[in-house]
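# Descriptive structure summary
Listed below are the residues making up each chain.
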Amino acid sequence: MVEYLSQEGQQKLNSFESFLHNELKPLEEKAKMATEANNKSEFRNLRKQVAKRSSELGFFKMTQPKSIGGQPATQLEIIAFQEALSTANVPMLSSSVFGPGAGMLGRATGELRERYLMGVLRGELRGSFGFTEPPDVVERTVAVEDGDDLVITGQKSYVTGGDTADFVSAFCNLRSPNGEKQGNAMVVIDIDSPGVTIERVFSSMDDNMKHAYLSFNNVRVPKWRILGGKSGGNSGMKNAMRQIGNVRLSLSAQAVGTAKCALDYTRTTLNAPHRSGSPLSTREGVRIRYAELYAEYYAARSMLYHTAQLAQQGEDINSKLKATKIFCTEMANKVVDGCLQLSGGMAVTVGHPLEALYRQVRVWKFTEGASDLLRIQLAEDVLSSKL
């Protein structure tokens, strides 16, 4: 039960959890078998089946605007549903449960809206987000004005899903024809544009999605692909931070749900018969350790929903969101690690549920801002009274 939800919202959440456990989890097992057999056709069919069923039940359109027939949920409802989805632990099919959201294109207008935003929302296009440069570059990706176009040069080193995306929304420093600095912007670049090269595709340790290293060599794009129009200034950074903020809240919900999944699994393990003659859950040391893990989870979950409630009320949650992302992702690491330790040596073997969760949560301490970087930023906010 989520205390912050209305009665109607709680009823929807109950229906969603029923869908996850009665329908999605059995399909997840089929997806695993299809993957092991390298049956890509069967896997694609299963994803389509999930999307279709989710749409029939009214869940698929919760993340989409009314302008295309969506049924947008509240911020608190979205967080509750994301937490429930992560608790169900269905990583292979989870991306098919909700329809594609607007993401970086949420404020797009004109041709950018019609061609790219609507294409994404209809499921015809897939986008990606290019913000991070390689550590050895001297300057960020540059977009130089040339008449009605921009000529873009640079690299993006960690573009999640970039190998299969149709376009990337890339953070660029703007320059006039004579090299004068004109601020920054997010620019939409087609992956198949002349001059765009996928230099390398790689996986992180969670292995759920691939990442691409992209290079741009005098890539020419029209100016209307600047998100928000040619406003200059710091518009690119503001748009990027807005997108990163949205992902941080979602990631925090995933972290809380994953911790709950680990705790549930470990509780079953500890209460099971043991060769000693009594379940491990009867031992005082085990009970103390499990209680500590639950307390961490409860604190993080309370923080998550408080932050989501503030966001729903329209408050500025920038600083609180940094704290929430740090606390929730690090809590998930502590909880999964502790559950793995309580479950014994078999939990570190490849294929064990906790082994997979362990790899997954470790990556989150870097995703959308490394923990220590966020601590530095949060300290600046706290010390300058931005709370």
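## With respect to the packing of aromatic side chains
Overall, the coordinates contain 14 aromatic pairs when judged by the stated rule. Each ring, one from Phe 131 and one from Phe 171, has its centre 5.4 Å from the other, and the planes form 65°; the classification is edge-to-face. Of this pair, Phe 131 sits in the loop between β1 (127–130) and β2 (142–146) while Phe 171 sits in strand β4 (residues 167–175), and the two are 40 residues apart along the sequence. Accessibility assignment for this pair places Phe 131 and Phe 171 in one class, buried. With centroids separated by 5.4 Å and ring planes inclined at 75°, the aromatic side chains of Tyr 158 and Phe 202 adopt a geometry described as edge-to-face. Within this pair, whereas Tyr 158 is found in strand β3 (residues 149–160), its partner Phe 202 is found in strand β6 (residues 196–203), the two being separated by 44 residues in sequence. Judged by relative accessible area, Tyr 158 falls into the partly exposed class, the value being 40%.

## Quick notes on the nonpolar core
Membership of the largest hydrophobic core comes to 63 residues, with the highest contact counts inside it found for Phe 16, Leu 20, Leu 24, Leu 85, Leu 93, Val 97 and Leu 304. Contributing elements (two or more residues each) for this core: α1 (7–36), α2 (40–56), α3 (75–88), α5 (235–271), α6 (284–312), α7 (318–343) and α8 (353–363). Element by element, the count of residues in this core is highest for α5, at 10 residues. Excluding residues within four positions of it along the chain, Leu 93 makes contact with Leu 24, Leu 27, Glu 28, Ala 31, Phe 43, Leu 46, Arg 47 and Val 50. Membership of the second largest hydrophobic core comes to 19 residues, among which are Ala 185, Ile 189, Val 196 and Leu 214.

## Quick notes on the packing of α6 against α7
Their axes nearest at 9 Å, the elements α6 and α7 cross at an angle of 155°. When the axis of α6 is compared with that of α7, the two are roughly antiparallel. Classified by chirality, the crossing of α7 by α6 is left-handed. When α6 is examined against α7, the residues Val 286, Arg 289, Tyr 290, Leu 293, Glu 296, Tyr 297, Ala 299, Ala 300, Met 303, Leu 304, Thr 307 and Leu 310 are found in contact with a partner set consisting of Lys 320, Leu 321, Ala 323, Thr 324, Phe 327, Cys 328, Met 331, Lys 334, Val 335, Gly 338, Cys 339 and Leu 342. Across the contact of α6 with α7, the residue classes tally to 17 nonpolar, 3 polar and 4 charged.

## Description of the confidence of the model for the protein chain
Put simply, the protein chain has an average pLDDT of 91, and 97% of its residues get 70 or more. Helix α4 (residues 110–121) is the least confidently modelled element of the protein chain, averaging 90 in pLDDT, while α6 averages 97, the highest of any element.

## Examining unusual backbone geometry
Backbone geometry at Asn 38 places phi at a positive 55°, although glycine is not the residue there. Note that Asn 38 resides in the loop between α1 and α2. Of the residues examined, Asn 38 reaches a relative accessible area of 57% and is grouped as exposed. One non-glycine residue, Glu 368, lies in the positive phi region at around 55°. Considering the arrangement of structural elements, one finds Glu 368 in the loop between α8 and α9 (371–383).

What counts, and at which threshold
Residues numbered from 1 in each chain as written. Predicted model: local features only at pLDDT ≥ 70, side-chain atom pairs only at ≥ 80, totals over all residues. Heavy atoms only, no water. Phe/Tyr/Trp six-rings, centres within 6.5 Å; stacked < 30°, edge-to-face > 60°. Helix = DSSP H or I, 4+ residues; strand = E, 2+ residues; numbered from the N terminus. Buried < 20%, exposed > 50% of the residue type's maximum accessible area, 1.4 Å probe, protein only. Core = buried A, V, L, I, M, F, W, Y, C linked by side-chain atoms within 4.5 Å. Contact = heavy atoms within 4.5 Å. Axes fitted to C-alpha atoms, helices over the stretch in contact; angles between N-to-C directions. Parallel < 35°, antiparallel > 145°, perpendicular 65-115°, else oblique. Left-handed = near helix turned anticlockwise from the far one by under 90°. Nonpolar A, V, L, I, M, F, W, Y, C, P; charged D, E, K, R; others polar. pLDDT = per-residue confidence, 0-100.

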